[in-house]
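Secondary and tertiary structure notes
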Amino acid sequence: MSIDSREQWLECSLGELTERFVTQAHAVPSGLLEALDADPRRGAQSLARRIRARQERNRSEGQRLRHLLRFEMELWEQGHTHVAGVDEAGMAPLAGPVVAAAAVLPKSYRLKGLDDSKKVLDAEKREALAVAIKRDAVAWAVGHAEVEEIDRINIYHAGLLAMRRAVEGLGLKPDYVLVDARTIPECPAPQRGIIKGDSLSMSIAAASILAKTTRDRLMGELDTRYPGYGLAQHKGYPTPHHIQALREKGVLPIHRRSFGPVREVLGLVAPAPANVPSAQAELFDLAPAPGRRRP
């Protein structure tokens, strides 16, 4: 930056400089910080400190994102072009399907703020990340395992089924698959399960965001269809509010009857509380008696 142009910047108000170099995070011209340091106004010196703090945060974020790519970088260097990350959402809730996602990111991809969906607590930020991932990904897909499948094969295997469906839905065969903590049966490519992979791999983190946002939207739709259960708010782990609603209003077809609290309300584990409508038992077949197989 020349002396003239630096002086032109310094002719701007502190508000204009704050908007450009802090709020909009534009690159800082050479010499500007030193000029602000030398400015006798306290506001100018404070602005210099804020710009330096923003630059340090950016450096830290860049380092974090580079660290998130270490598994992908290793595979890219081995010649695996299309590396898919896979994760699921909805293993613990009492209602709705389990949803998995797969994402193939471009080489050396970096998306500011991308992290394990459990660490991105703001729903709007998760949605914004999902939009960016879908826009930028080489390929992405989601897969579901429905409630009936969860009850038939159990939630663990249903999660794996949803993962396999997500990989199969990519529209391309990945060269390698990175999975959060598990390995996928009948996976069409070599794979590696990474413990806490959604915090350690950018591809898995991207998949976790897609799975979480997809399932959250689905639970919002189900909340409209089945009001009173708080499905849009209590879409993660079972909450006292949801269990109370389950006991007071009864079991819905979207509830997982293989889960203990649901079975209790249906009277399949212990007598249901008196305030549970008896008509709810008609939604499902009764559990088979000991020694008898369900038809």
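This write-up is about the structure you can find in this document. (Residues numbered from 1 in each chain as written. Predicted model: local features only at pLDDT ≥ 70, side-chain atom pairs only at ≥ 80, totals over all residues. Heavy atoms only, no water.)

Concerning helix 4 (residues 42-68)
- Its 27 residues give helix 4 an end-to-end C-alpha distance of 39 Å, which sits within 8% of 39 Å, the value for a rise of 1.5 Å per residue.
- Ala44, Leu47, Ala48, Ile51, Arg54, Glu61, Gly62, Leu65 and Leu68 are the residues of helix 4 that are buried.
- The inward-facing, buried residues of helix 4 abut helix 2 (14-23), helix 3 (32-38), helix 5 (70-77), helix 9 (197-200) and helix 10 (202-225). (Helix = DSSP H or I, 4+ residues; strand = E, 2+ residues; numbered from the N terminus. Expected span 1.5 Å × (residues − 1). Buried < 20%, exposed > 50% of the residue type's maximum accessible area, 1.4 Å probe, protein only. Contact = heavy atoms within 4.5 Å.)

Some thoughts on the packing of helix 2 against helix 4
- Look at helix 2 against helix 4: their axes get within 10 Å of each other, and the N-to-C directions meet at 5°. In terms of orientation, helix 2 lies roughly parallel with respect to helix 4. Within the contact between the two elements, helix 2 uses Leu14, Leu17, Thr18, Phe21 and Val22 and helix 4 uses Gly43, Ala44, Leu47, Arg50, Ile51 and Arg54.
- Of the residues in the contact of helix 2 with helix 4, the class split is seven nonpolar, two polar and two charged. (Axes fitted to C-alpha atoms, helices over the stretch in contact; angles between N-to-C directions. Parallel < 35°, antiparallel > 145°, perpendicular 65-115°, else oblique. Nonpolar A, V, L, I, M, F, W, Y, C, P; charged D, E, K, R; others polar.)

Quick notes on the layout of surface pockets
- When its volume is computed, the largest pocket comes out at roughly 450 Å³.
- Lining the largest pocket are 21 residues, with Ala89, Gly90, Lys118, Lys212 and Tyr237 positioned closest to its centre.
- Secondary structure elements with two or more residues in the lining of the largest pocket: strand 1 (83-89) and helix 10.
- In terms of residue count, the dominant contributor to the lining of the largest pocket is helix 10 (four residues).
- Broken down by class, the residue content of the lining of the largest pocket amounts to seven nonpolar, four polar and 10 charged. (1 Å grid on protein atoms, 1.4 Å probe; cavity = no way out; pocket = protein on both sides within 12 Å on 5 of 7 lines; lining within 4 Å. Points joined across faces, edges and corners; volume = space filled by probe spheres on them.)

Digging into the pattern of salt bridges
- Counted under the stated rule, the structure contains 13 salt bridges.
- Of the charged contacts in the structure, one is a salt bridge between Arg41 and Asp39, with a shortest N-O distance of 2.9 Å.
- Looking at Asp39, the relative accessible area reads 14%, which means it is buried.
- Between Arg217 and Glu127 there is a salt bridge, and its shortest N-O distance comes to 3.0 Å. You can see Arg217 sitting in helix 10 and its partner Glu127 sitting in helix 6 (residues 123-136), a full 90 residues away along the chain. (Salt bridge = Lys/Arg side-chain N within 4 Å of Asp/Glu carboxyl O.)

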